[in-house]
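Chain and residue survey
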Amino acid sequence: MKAVFMGTPDFAVPSLRVLIEEGFDVVSVITQPDKPKGRGKKMSMPPVKEEALKHGIEVHQPKRVKSEEFVSILKDMNPDVIIVVAFGQILSKEILDIPKYGCINVHGSLLPEYRGAAPINWVVINGEKTTGITTMYMDEGLDTGDMLLKSKLDIGENETAGELYDRMCSLGGEVLRDTLKLLKDNNLKREKQDDSKSSYAPIMDKSLGNINWDDKCENIFNLIRGTNPWPSSFTKYNGDTMKIWSSKVLDSTSDKPAGSILDVTEDGIEVSTGTTNLLIKEIQMPGKKRMLVKDYIRGNQIDKTLVLGE
């Protein structure tokens, strides 16, 4: 069975490997263009491109996958199926109609919940206890196609979005493998999504990480987890931007204004919030590396008279 794979980040790599391992004839991999990366702005290949080249698979990197020129190229490939995993561009109906067995997407949530670009971050930010992978047939809507297979995953109490992302990468490949086996046996069953139960996971923005200390402590804790490693949570400390990488919800409360620094110990920085207090455990100050508070205060002072965010 001839297949085209569309994907870009490392999240998609396990799925590409599965497609190859399951014996599909991967005629081409479609991914985003190379981009400058790091301080030196050196051009960097997407992880999916690197994996494709290891297997000698032809790679295309169109700026606009919907362009008339590239749609023509896709039609000439004449794939039986197109597999899409975190590709980064929207497919037109013309593309969706090309493969005989349709376009199958691997999505990082239990649809219809958390449709959109950043489901892994938002399940953590919203304090969800479970998430998972859904494979589906793609249609013209945003993650609205008929569902195929699902697999649930419990979210750790202190798990960050980055840690969950790593686990979801592997699960995505596993669910795709099961989906492909059913496809080859012509035994896939479709299930329509219940739109009334849908929710949206919009693309992440750097401003999202700005902590509102008047919020509930649990919400701040989840925001810090859900924006780790990107875009990261932050607050103002004495005019500087303090990034906060890990924290802990405390039972203690304070009458002081939200954001007040209550205590600084080797355990961390205790701060008041809109509900109970929060313990900041790991920080990053401008020009410095991430470090535990206990390491930071060995050579630096934290002013306990300040209010964070001001």
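Described in the following lines is the structure provided in the data block.

Calculation rules
Residues numbered from 1 in each chain as written. Predicted model: local features only at pLDDT ≥ 70, side-chain atom pairs only at ≥ 80, totals over all residues. Heavy atoms only, no water. Helix = DSSP H or I, 4+ residues; strand = E, 2+ residues; numbered from the N terminus. Buried < 20%, exposed > 50% of the residue type's maximum accessible area, 1.4 Å probe, protein only. Contact = heavy atoms within 4.5 Å. Areas by Shrake-Rupley, 256 points an atom, 1.4 Å probe, with all protein chains shown as cover. Lys, Arg positive; Asp, Glu negative; His and termini not counted. Charge placed at Lys NZ, Arg CZ, Asp CG, Glu CD. Polar contact = N/O pair within 3.5 Å; in protein donor to acceptor, adjacent residues only side chain to side chain. Axes fitted to C-alpha atoms, helices over the stretch in contact; angles between N-to-C directions. Parallel < 35°, antiparallel > 145°, perpendicular 65-115°, else oblique. Left-handed = near helix turned anticlockwise from the far one by under 90°. Nonpolar A, V, L, I, M, F, W, Y, C, P; charged D, E, K, R; others polar.

Description of the overall build of the chain
- The helix and strand tally for the chain stands at eight helices and 15 strands.
- If you line up the chain on its principal axes, its C-alpha atoms span 70 × 45 × 30 Å.
- Within the chain, the fraction of its 310 residues that count as buried is 48%.
- Here the contacts in the chain between residues at least 6 apart in sequence split such that 65% fall between residues at least 24 apart.
- Carbon and sulfur atoms make up 46% of the accessible area of the chain, which totals about 15700 Å².
- Looking at the chain, you have 41 positive and 46 negative side-chain charges, and the mean spots of the two groups are 3 Å apart.

Quick word on the side chain of Ser-272
- Within the element layout of this structure, Ser-272 appears in the loop between strand S13 (268-271) and strand S14 (278-284).
- For Ser-272, a relative accessible area of 1% corresponds to the buried category.
- Polar contacts involving the side chain of Ser-272 include one to the main-chain carbonyl oxygen of Pro-257, which spans 2.6 Å.
- Beyond its immediate chain neighbours, meaning those up to four positions away, Ser-272 contacts Trp-213, Ser-254, Lys-256, Pro-257, Ala-258, Gly-259, Ser-260, Leu-262 and Asn-277.

Some remarks on the packing of helix H1 (residues 13-21) against helix H6 (residues 161-184)
- Interaxial distance between H1 and H6 falls to 8 Å at its minimum, and their mutual angle equals 30 degrees. One finds that H1 runs roughly parallel with respect to H6. Crossing of H1 against H6: the hand is right-handed. Contacts between H1 and H6 involve Pro-14, Ser-15, Val-18, Leu-19 and Glu-21 from the former and Cys-169, Ser-170, Gly-172, Gly-173, Leu-176, Arg-177 and Leu-180 from the latter.
- A per-class count over the contact of H1 with H6 returns six nonpolar, four polar and two charged.

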